[in-house]
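# Residue-level structure breakdown
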Amino acid sequence: MALSTVSRVRRQLPTSPWLFAAPGLLITGVFILYPFGSTLVNAFTDRRTLIPGHFVGFANFRELWHDDMFWTGLRNSTLYIVGVVPALVVLPLLLALLVQKNIPGITFFRSAFYTPVVASIVVVGLIWVWLLDERGLVNSLLETIGVGRIGFLSDQWLLLFSAMAVTVWKGLGYYMIIYLAALAGVPRELHEAASVDGAGAVRRFFTVTVPAVRSTMVLVGALSSVAAFKVFSEVYLMAGPSGGPAGEDTTLVMLVQRTGTGLTGRVGYASALSVVVFVVTVALMLLVLRADRKEDS
């Protein structure tokens, strides 16, 4: 009886792992692989929301090349990386060093710094819109001290920089947690040895802390670069569906949403835009990894 049970289990073993993996594979196939493949196919068609469309080759990509809004979106998404990524690589590390110390009340500050991460981006965006509006709290304070009202949400560049500030503010706590995990693995003996050699706090930061968490800094840089290039919610909430004054603050993902939705949405053209976003995102990841490997060598 026991031998027959063992033989039956052995016959079932090759298929058992696939049974356990089946739910995850099904979800991945339905919600990730199929949409990705469908987008890739639609990028070469003139499909619309209610019209299947026909194969048009690279016509959508040729149209992208001559589309001024595409270049505007690409410019804004690139500027978002330049403005957001350095801040999200450096500031969370400094914040992690600050909250790493075991002093009374530090738990409260750790929770406070992490609160924006768990807050809904819609709620966060609306709060900042109310703060930066022409009649908002910030402008009221500026007018009180004699500076005058500033068009944070009406000026093209101020609006984009304001959205960047919201992204940095909301992401600080998330990357702070990543750095805290990395700092926990830095041997305290290294800091003690540097202190014995006469190194101050600043010198220890650059000679001990930064080299020890360099791989984590690369990870944070890669994650924040991809997130910044694919930014949507912050700019959408602060600039509106039109993308700010004359649409000058539109990002690539906003352009995808605007082009491909609605009853007359150009699904094929929006799919081509999505393919470009995907290619640039992969290129960013490869550049960061290549830079990391080159520094290691």
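Below is a short write-up of the structure. Owing to the predicted nature of the structure, the values given are computational and were not obtained by experimental measurement. Within each chain, residue numbers correspond to sequence positions counted from 1 in written order. Restriction of local features to residues with pLDDT of at least 70 applies here, the model being predicted, together with a cutoff of 80 or more for giving and counting side-chain atom pairs; totals for whole chains, interfaces and linings are based on all residues. Note that water and hydrogens are dropped before the side-chain values are worked out from all heavy atoms of the structure.

## A few points about the overall build of the chain
Worth spelling out the cut-off: For helices the rule is a DSSP run of H or I covering at least 4 residues; for strands it is a run of E covering at least 2, with both sets numbered from the N terminus onward. For the radius of gyration, the atoms used are the C-alpha atoms, and the globule rule reads 2.2 Å times the number of residues raised to 0.38. A 1.4 Å probe rolled over the protein chains alone gives each residue an accessible area, and that area as a share of the maximum for its type sets the label: buried under 20%, exposed over 50%, partly exposed in between.
If you tally the helices and strands in the chain, you get 14 helices and 0 strands. For the chain, the sequential pattern of α-helices and β-strands runs α-α-α-α-α-α-α-α-α-α-α-α-α-α. A compact globule built from 297 residues should have a C-alpha radius of gyration of about 19 Å, whereas the chain, at 25 Å, is more than 25% larger. Seen through its principal axes, the chain has C-alpha atoms that stretch 80 × 70 × 40 Å. When the 297 residues of the chain are sorted by exposure, 35% land in the buried category.

## Remarks on the environment of Met 217
The criterion, for reference: In this analysis, two residues are considered to be in contact whenever any of their non-hydrogen atoms come within 4.5 Å of each other.
Its place among the elements puts Met 217 in helix 11 (residues 214-229). Distance from Met 217 to Pro 92, taken between C-alpha atoms, is 10.0 Å for residues 125 residues apart in sequence. Apart from the residues lying within four places of it in its own chain, the contact partners of Met 217 are Val 89, Leu 93, Tyr 179 and Val 210.

## Re the packing of helix 5 (residues 106-118) against helix 8 (residues 156-183)
The condition is simple: An axis is simply a line fitted to the C-alpha atoms; with a helix, the fit covers only the stretch in contact. Between two such axes, the angle follows the N-to-C directions and lies from 0 to 180 degrees. For classification purposes, an angle smaller than 35 degrees is called roughly parallel, one larger than 145 roughly antiparallel, one from 65 to 115 roughly perpendicular, and anything else oblique. Here is the rule for handedness: rotate from the far helix to the near one, and if that takes an anticlockwise turn smaller than a right angle the crossing is left-handed, while a clockwise turn gives right-handed. Asp, Glu, Lys and Arg are counted as charged, while Ala, Val, Leu, Ile, Met, Phe, Trp, Tyr, Cys and Pro are counted as nonpolar; the rest, among them Gly, fall into the polar class.
In the contact formed by helix 5 and helix 8, the axes pass within 6 Å of each other and the chain directions differ by 120°. Viewed along their axes, helix 5 and helix 8 adopt a mutual orientation that is oblique. Here helix 5 runs over helix 8; the crossing is left-handed. Contact residues: helix 5 offers Arg 110, Phe 113, Tyr 114, Pro 116 and Val 117, while helix 8 offers Trp 169, Lys 170, Gly 173, Tyr 174, Met 176 and Ile 177. Of the residues contributing to the contact of helix 5 with helix 8, the split by class is 8 nonpolar, 1 polar and 2 charged.

## Here we look at the environment of Arg 135
In this fold, Arg 135 is placed in the loop between helix 6 (121-132) and helix 7 (137-144). Each C-alpha atom of the pair Arg 135 and Arg 149 lies 8.3 Å from the other, and the pair is 14 residues apart in sequence. Residue contacts for Arg 135: discarding those within four places in its chain leaves Ser 140 and Arg 149.

## Thoughts on the side chain of Thr 250
As a reminder of what qualifies: Pairs of N or O atoms within 3.5 Å make up the polar contacts considered here, provided that, within protein, one atom can donate a hydrogen while the other can accept it, and that residues adjacent in sequence are counted only when both atoms are side-chain atoms.
Structurally, Thr 250 can be placed in the loop between helix 12 (233-239) and helix 13 (252-260). Of the polar contacts made by the side chain of Thr 250, one reaches the side chain of Arg 258; its length is 2.8 Å. Once residues within four sequence positions are removed from consideration, Thr 250 is found in contact with Met 69, Thr 72, Gly 73, Asn 76, Ser 242, Gly 243, Leu 255 and Arg 258.

## A short note on helix 8
Along an α-helix, residues three or four positions apart point the same way, because every turn accommodates 3.6 residues. Condition: Here the expected length of a helix is defined as 1.5 Å per residue gap, with one fewer gap than residues. Values of bend correspond, residue by residue, to the angle between axes fitted over the seven residues ending at that residue and the seven starting there.
With 28 residues, helix 8 should reach 40 Å at 1.5 Å per residue; the first-to-last C-alpha distance of 39 Å fits that figure. Maximum bend of helix 8: about 40°, positioned at Leu 172. Of all 28 residues in helix 8, 20 are buried, a share of seventy percent or more.

## Details of the packing of aromatic side chains
Formally: Within 6.5 Å between ring centres, the rings of Phe, Tyr and Trp (the latter by its six-membered ring) count as paired, and their orientation is classed by plane angle as stacked under 30 degrees, edge-to-face over 60, tilted in between.
One pass over the structure, following the stated rule, counts 12 aromatic pairs. Taking the centre distance of 5.4 Å and the plane angle of 75° together, the rings of Phe 108 and Phe 109 count as edge-to-face. On the accessibility criterion, Phe 108 (59% relative accessible area) is exposed. Aromatic pair Phe 232 and Tyr 236: ring centres 5.0 Å apart, planes at 25°, arrangement stacked. Owing to a relative accessible area of 26%, Tyr 236 belongs among the partly exposed residues under this scheme. Through a chain of ring-to-ring contacts, the aromatic side chains of Phe 44, Phe 58 and Phe 61 assemble into a single cluster.

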